[in-house]
Amino acid sequence: MRTTRWGHIAACLFAAAVLLLPSAVLAGQAKNIILMIGDGMGPSHFGAAWLYSTKLLGKELRMVEVMKSGRTAYIANDTADSMVTESAAAATQIACGLKVPARAVGMGPDGKTPFKTLLEIAKDKGMATGLVTTSGITDATPASFSAHVEHRSDEFSVAVQEIQLGVDVLQGGRKQFFLPEAAGGVRKDGKNVIDEARAAGYTVVGTASELQQAGEQKLLGLYNMGNMAYEIDRAKTAEPSLAQMTGKTLEILSKNPKGFFAMIEGGRIDHAAHRNDAPGTIRDTLAFDEAVGVALDFQKRNPDTLLIVTADHDTAGMSLIGHSKDSKEYVGMDLEQIQKAQGSFEVMQSELGRNPTPEKIKDVVKKYLAIEITDDEAKTVAADTIYKLDPKNYGYPTLHTLAFVLRPYLGVGWGSGTHTASPLMAFGSGPGSEVVVGFLHNTQLFGIMKTAMGAAQ
Ligand SMILES: [Zn+2]
């Protein structure tokens, strides 16, 4: 009878323990975790890329393949101090699992106290770690996983902290924060962080071909003094694609028998959307999708990998409007016209300069977008009414009024030039993705990945 009583007690204790555990603990454990963030990739950015890819290019998005093979959730992303987030708070909430204020990086709710990040937890477990972005590697999203600074603009400290932490793979732009002024950078402290990285065992590369030839040691890839090129401008550079950076990162990190954590960001979707640049936004979203495909192929070869794809916030309320200049029915985007674009709005703006004339605007729009706007439309762009009416929400001279004039040509409108509070999507496949369902807050992604990692809650 004694055995039965103890058996009964044990069964009760087990049942109680199961009831007390968060549901995520019951989900699978993963050896490797790949988190992919489309910066600024709201639902319509995804939708525009899906329509472009399926209707014009004739192929399904790899992101859709992830959704079909795994689970999908809506994601809310409000912060400790706002319903509209920016990248530092959004990434810190994902990296640390709690609501934080704007601009602080890797800090707790007071914005001042360093909080342990998912990447640091992975490192403590002996896992390899990697960060990749097409923006700056010191920019808010990668920084929030690897550094602790009170304001995201302190990218000087972020560069030093990323190397000191020993993140195994770091790839992106903003090399300027690694170099002293004397060597062409912007550091005033005289430090050469690239030299420090080499001394710490990093291979340092600066082009796509150097990346391809790099071995499997720790890697620092810095491909541009500023941000890396937009995908639409990249062919004119020696920079690797996000997919190429992703492939090399997974190759290096997967050598660790204890597994790895990687965060891979499509950083310039956000920048194109801020400028209301529809062709640029779609092209960078497609480049992100190609990188998701690389990660998904890895996940298929290594099923003990959790892949989660999400965004940090929606940028600019991209709107896939219905009518063209002369349509009586809903027709949607002019995909062929969008495909003709030859450069980003940022490149167009630098060619337009300040206060461009209507003639100059007509020439530049024709050169880069293959669209002949009317004289009246060119005058409207030169008057720059939208920028003047609401400069806090539309921060780029000329471009937002141009984007408004282009609405019936491209079939794309914009609600703003800034971030919005739109809910996002998160989707994943592999062990641990079972709980990426329903309606979640971005802070919950931390717990889902931490649990999959096998780290104690
Ligand atoms: Zn942004």
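Here, every reference points to the structure presented above.
Residues numbered from 1 in each chain as written. Predicted model: local features only at pLDDT ≥ 70, side-chain atom pairs only at ≥ 80, totals over all residues. Heavy atoms only, no water.

## So, the overall build of the chain
Then step 1. When helices and strands are tallied, the chain shows 19 helices and 14 strands.
Then step 2. Taking 457 residues into account, the globule formula puts the C-alpha radius of gyration at 23 Å, and the chain, at 23 Å, falls close to it.
Then step 3. Taken along the three principal axes of its C-alpha coordinates, the chain extends 95 × 60 × 40 Å.
Then step 4. Relative to its 457 residues, the chain shows a buried fraction of 56%.
Then step 5. For the chain, contacts bridging at least 24 residues in sequence account for 71% of all contacts bridging at least 6.
Then step 6. Total accessible area on the chain is roughly 18,600 Å²; 54% of this is exposed by carbon and sulfur atoms.
Then step 7. Distance between charge centres in the chain, computed from 45 positive and 50 negative side chains, equals 4 Å. (Helix = DSSP H or I, 4+ residues; strand = E, 2+ residues; numbered from the N terminus. Rg over C-alpha atoms; globule rule 2.2 N^0.38 Å. Buried < 20%, exposed > 50% of the residue type's maximum accessible area, 1.4 Å probe, protein only. Contact = heavy atoms within 4.5 Å. Areas by Shrake-Rupley, 256 points an atom, 1.4 Å probe, with all protein chains shown as cover. Lys, Arg positive; Asp, Glu negative; His and termini not counted. Charge placed at Lys NZ, Arg CZ, Asp CG, Glu CD.)

## Some details on the environment of A80
Then step 1. By secondary structure assignment, the location of A80 is in the loop between β2 (71–76) and α4 (87–96).
Then step 2. Owing to a relative accessible area of 47%, A80 belongs among the partly exposed residues under this scheme.
Then step 3. Between the C-alpha atoms of A80 and P101, which are 21 residues apart in sequence, the distance is 5.0 Å.
Then step 4. Contact partners of A80, with chain neighbours within four places excluded, come to Q93, K99, V100 and P101.

## A word on helix α15 (residues 358–369)
Then step 1. For α15, spanning 12 residues, the distance from its first C-alpha to its last is 16 Å, which sits close to the expected 16 Å at 1.5 Å a residue.
Then step 2. Among all positions of α15, only I361, V364, V365, Y368 and L369 are buried. Relative to the axis of α15, the buried residues are bounded by an arc of 100° and lie together on one face. Facing away from the buried surface of α15 by more than 90 degrees, the exposed residues are E359, D363 and K367.
Then step 3. Where the residues of α15 are buried, they touch α12 (278–301), α13 (335–339), α14 (345–352), α16 (375–383) and α18 (399–410).
Then step 4. One or two steps after α15, the chain reaches A370, where phi turns positive at roughly 55°. (Expected span 1.5 Å × (residues − 1). Arc of directions from axis to C-beta.)

## A short note on the coordination of the zinc ion
By definition of the ideal shapes, a tetrahedral metal site with four donors has angles of 109.5 degrees and an octahedral site with six donors has angles of 90 or 180 degrees.
Then step 1. Around the zinc ion, the donor atoms from the protein are D270 (OD), D270 (OD), H274 (NE2) and H419 (NE2), and they sit 2.1 to 2.4 Å away.
Then step 2. Here the zinc ion is ringed by four donor atoms whose angles at the metal span 57 to 153°, and the overall shape comes out irregular.
Then step 3. Each donor residue of the zinc ion belongs to the same chain, and together they define the spacing D-x3-H-x144-H. Placement of the pair is D270 in helix α11 (residues 268–274) and H419 in strand β12 (residues 419–420), with a sequence separation of 149 residues. Comparing D270 with H419 shows no difference in burial state: the two are buried. (Donors = N, O, S within 2.8 Å, 3.2 Å for Na, K, Ca; no water. Tetrahedral: all angles 85-135°; square planar, octahedral: opposite > 155°, others 65-115°.)

## Considering the sheet that holds strand β6 (residues 219–222)
Then step 1. The strand order across the open sheet formed by 10 strands is β5-β6-β4-β3-β7-β1-β8-β13-β2-β14, and the pairing between neighbours is mixed. The strands lining the two open edges of the sheet, one partner per strand, are β5 (203–205) and β14 (438–441). With strand direction ignored, the average angle separating the axes of adjacent strands in the sheet is 15°.
Then step 2. Across six bridges, the pairing between strand β3 (residues 128–136) and strand β7 (residues 260–266) is parallel. For G130, the partnering residue across the bridge sits in β7 and is A262. (Pairing = 2+ DSSP bridges. Axes fitted to C-alpha atoms, helices over the stretch in contact; angles between N-to-C directions.)

## A short note on helix α3 (residues 62–69)
Then step 1. Buried within α3 we find M63, V64, V66 and M67. Each buried residue of α3 lies within a common arc of 155° when the element is viewed along its axis, so the set occupies one face.
Then step 2. In this fold, the buried residues of α3 make contact with α2 (43–57), β2, α12, β8 (305–311) and β13 (424–429).

## Some remarks on the pairing of β13
For a regular strand, the rule is simple: side chains alternate between the two faces of the sheet.
Then step 1. Within β13, five of the six residues are buried, leaving the element largely enclosed by the surrounding structure.
Then step 2. Summarising the sheet, β8 and β13 pair through three bridges and their orientation is antiparallel. Counterpart to I308 in the pairing with β13 is G428.

## Here's the deal with the side chain of T398
Then step 1. Its place among the elements puts T398 in the loop between α17 (385–389) and α18.
Then step 2. Classification of T398 by relative accessible area gives buried; the value is 7%.
Then step 3. Sequence-distant contacts of T398, that is, excluding residues within four places in its chain, are made with L352, P356, V381 and D384.

## Description of the environment of K55
Then step 1. Mapping K55 onto the fold places it in helix α2.
Then step 2. Between the C-alpha atom of K55 and that of L335, which follows or precedes it by 280 residues, the distance is 8.3 Å.

## As for the pairing of β2
Then step 1. In this structure, β2 lies alongside β13, joined through five bridges in antiparallel fashion. Note on β13: the bridge partner recorded for Y74 is M425.
Then step 2. Pairing geometry for β2 and β14, over four bridges, is parallel. From the neighbouring strand, I75 faces β14, where its bridge partner is L440.

## Here's the deal with the nonpolar core
Then step 1. Judged by nonpolar contacts, the single largest core of 124 residues is most densely connected at M36, F145, F261, L406 and M449.
Then step 2. Counting residues per element, this core draws most heavily on α12, which supplies nine residues.
Then step 3. A140, A147, V149 and V158 belong to the second largest nonpolar core, which has seven residues in total. (Core = buried A, V, L, I, M, F, W, Y, C linked by side-chain atoms within 4.5 Å.)

## Observations regarding the packing of α3 against α12
Then step 1. Where α3 contacts α12, the axes come no closer than 7 Å and their chain directions differ by 45°. One finds that α3 runs oblique with respect to α12. Contact with α3, carried on its side by R62, M63, E65, V66 and S69, involves T285, F288, D289, V292, G293, L296, D297 and K300 of α12 and no other residues of that element.
Then step 2. Tallied by class, the residues present in the contact of α3 with α12 amount to five nonpolar, three polar and five charged. (Parallel < 35°, antiparallel > 145°, perpendicular 65-115°, else oblique. Nonpolar A, V, L, I, M, F, W, Y, C, P; charged D, E, K, R; others polar.)

Remember, this is a structural readout, not a statement about activity or role.
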